[in-house]
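Each chain, letter by letter, is given below.
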Amino acid sequence: MNKFLEVSKEVQEALDAGKPVVALESTIISHGMPYPQNVETALAVEKIIRDNGAVPATIAILGGKLKCGLSEDEIEYLGKKGKEIVKCSRRDLPVVISKKIDGATTVATTMIIASMAGVQIFATGGIGGVHRGAETTMDISADLEELAQTPVMVVCAGAKAILDLGLTLEYLETKGVPVIGYGTEELPAFYTRKSGFKVDYRLDTPEEVAEAFAAQRGAGLKGGMLVTNPIPEEYSMDADVINAAIDQAVAESVEQGIHGKESTPFLLARVKELTGGDSLDANIQLVFNNAKVAAQTAVKLSEMK
Ligand code: PSU
Ligand code: MN
């Protein structure tokens, strides 16, 4: 066992017994949503995972320890501290661990810690990807490289159009990451169900998704799998409204010279401001929906072993 890893008692018991477990990230809590909706959402997501037969394992770094499975108090702490917590991708881990500080895990670091603990399925909202203008800025999220090398399934609602979705799919193809549409042939664009880009494969049930993941493992293929699950129709946003807000946020980030790890949080916060409460409601609902699909898939996977 990795000496920096701390798995909660409940999660460890579930893993030892071969029960289904679903990982959850913490950057969505600290940087992705405002307090107190972030904490309410994180706790509600854990409940949805339990209601669908799996054990939730929210992941973060506390005092330099890689924690898999947080208490309610720990989730409350991360939510209250918000952006004061260091947003940690793969490159941040060495110093955050050695300095024994707190860190919020992105998709990349949540995958790393989940995999260390033996958790194979992870639910979130959206992933990082290739940013618009990356052909000159080279701003490409480390989430994509992680999907290429770490054997964890990430269930998300696609990616926000703050990214270049076409280039993100090209990158994933080059890296050999399967992109699955859950009940759809089209890549969902987070707030909306459609993006104009096709996914690699459409699978329609948790069982089919679990089988594909088991085949990836059974065949000894490295890397993870991206399952894109469209936001439920009733919560999806008007494409013109959301795209106008995204275009404005991207333009402002270029004007203000925002770059590096600040880029994604800046864009997310600005889109939220420009759309008022609507985008937050949509965001919460799509995370709930992803938690449900991830838990149901984890149940099927555990039955196959
Ligand atoms: N996209 C979202 N919501 C989020 C993030 C991305 O719609 O909360 C967060 C996730 O934690 C993701 C991270 O892993 O931002 C990507 O950041 P970067 O682009 O700096 O790698
Ligand atoms: Mn980046």
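Peer 1: Sorry if this is basic, but what is going on with unusual backbone geometry here?
Peer 2: Among all residues except glycine, the phi angle is most often negative; among peptide bonds, the trans geometry is most common. Note the cis peptide between Tyr35 and Pro36, where omega equals 10 degrees. Within the secondary structure layout, Pro36 lies in the loop between α2 (27-30) and α3 (37-51). The phi torsion at Phe190 lies on the positive side, around 65 degrees, for a residue other than glycine. For Phe190, the location among the structural elements is in the loop between β9 (179-182) and β10 (201-203).

Peer 1: What exactly am I supposed to notice about the pattern of salt bridges here?
Peer 2: When the charged atoms of two side chains with opposite charge come close together, those side chains can pair. One pass over the full model with this rule turns up 17 salt bridges. Among the salt bridges present, the one from Glu6 reaches Lys67, with a minimum N-O distance of 3.3 Å. Of this pair, Glu6 sits in strand β1 (residues 5-7) while Lys67 is found in strand β4 (residues 65-68), placing the two residues 61 residues apart along the sequence. The class for Glu6 is partly exposed, based on a relative accessible area of 34%. Overall, Lys67 belongs to the buried group, its relative accessible area being 14%. With a closest N to O distance of 2.6 Å, Glu10 and Arg50 form a salt bridge. In this pair, Glu10 is assigned in helix α1 (residues 9-16) and Arg50 in helix α3, connecting sequence segments 40 residues apart.

Peer 1: What exactly am I supposed to notice about the site of ligand 1 here?
Peer 2: In the vicinity of ligand 1 lie 15 residues, with Glu25, Lys87, Asp143, Lys160 and Thr264 positioned nearest. The side chain of Ser141 places a nitrogen or oxygen atom 2.7 Å from an oxygen atom of ligand 1. Here an oxygen atom of ligand 1 and a side-chain polar atom of Asp143 are 2.7 Å apart. For ligand 1, whose unbound accessible area comes to 470 Å², protein coverage reaches 93%. Taken together, the elements giving at least two residues each to the shell around ligand 1 come down to α2 and α12 (263-275).

Peer 1: Is there a simple way to explain the environment of Lys198 in this structure?
Peer 2: Along the chain, Lys198 turns up in the loop between β9 and β10. Between the C-alpha atoms of Lys198 and Gly166, which are 32 residues apart in sequence, the distance is 9.4 Å. Each residue touching Lys198, except ones within four places of it in the same chain, is listed here: Leu169, Glu185, Glu186 and Leu187.

Peer 1: Quick question: what am I supposed to make of the side chain of Thr58 here?
Peer 2: In this structure, Thr58 sits in strand β3 (residues 55-62). Exposure remark for Thr58: the relative accessible area of 2% places this residue in the buried category. Not counting residues up to four positions away in its chain, the partners in contact with Thr58 are Leu24, Glu25, Ile29, Glu46, Lys67, Cys68, Gly69, Leu70 and Ile75.

Peer 1: Whenever I open this one, the pairing of strand β8 (residues 153-156) confuses me. Can you help?
Peer 2: Covered by surrounding structure in β8 are Met153 and Val155 together with Val154 and Cys156, the residues of both alternating faces. Taken together, the 4 bridges between β8 and strand β11 (residues 225-228) define a ladder with parallel strand orientation. When the bridges of β11 are listed, Val155 appears paired with Val227.

Peer 1: Help me out: how do you make sense of the nonpolar core in this one?
Peer 2: As a rule of thumb, nonpolar side chains are buried together in soluble globular proteins. Counting residues in each nonpolar core, the largest one holds 102 residues, and the members touching the most others are Cys68, Ile127 and Leu147. The greatest single-element share of this core, amounting to 12 residues, is contributed by helix α13 (residues 278-304). What Cys68 contacts, discounting residues up to four positions off in sequence, is Glu6, Val7, Ser8, Val11, Ala57, Thr58, Ile59, Ile113, Ala117 and Val119.

Peer 1: Even after reading the chapter, I still don't get the pairing of strand β2 (residues 21-24), so can you show me in this structure?
Peer 2: Along a regular strand, successive side chains alternate from one face of the sheet to the other. Burial along β2 is two-sided: the face carrying Val21 and Ala23 and the face carrying Val22 and Leu24 are both buried. By the bridge criterion, 4 bridges tie β2 to β3 in an arrangement that is parallel. Its bridge partner being in β3, Val21 is matched across the sheet by Val55. Judged from the 3 bridges that link them, β2 and strand β7 (residues 121-123) form a sheet pairing that is parallel. Within β7, the position partnered with Leu24 by the bridge is Ala123.

Here is what the cut-offs are and how they apply
- Residues numbered from 1 in each chain as written.
- Chains lettered and ligands numbered in written order.
- Predicted model: local features only at pLDDT ≥ 70, side-chain atom pairs only at ≥ 80, totals over all residues.
- Heavy atoms only, no water.
- Helix = DSSP H or I, 4+ residues; strand = E, 2+ residues; numbered from the N terminus.
- Salt bridge = Lys/Arg side-chain N within 4 Å of Asp/Glu carboxyl O.
- Buried < 20%, exposed > 50% of the residue type's maximum accessible area, 1.4 Å probe, protein only.
- Near = heavy atom within 4 Å.
- Polar contact = N/O pair within 3.5 Å; in protein donor to acceptor, adjacent residues only side chain to side chain.
- Areas by Shrake-Rupley, 256 points an atom, 1.4 Å probe, with all protein chains shown as cover.
- Contact = heavy atoms within 4.5 Å.
- Pairing = 2+ DSSP bridges.
- Core = buried A, V, L, I, M, F, W, Y, C linked by side-chain atoms within 4.5 Å.

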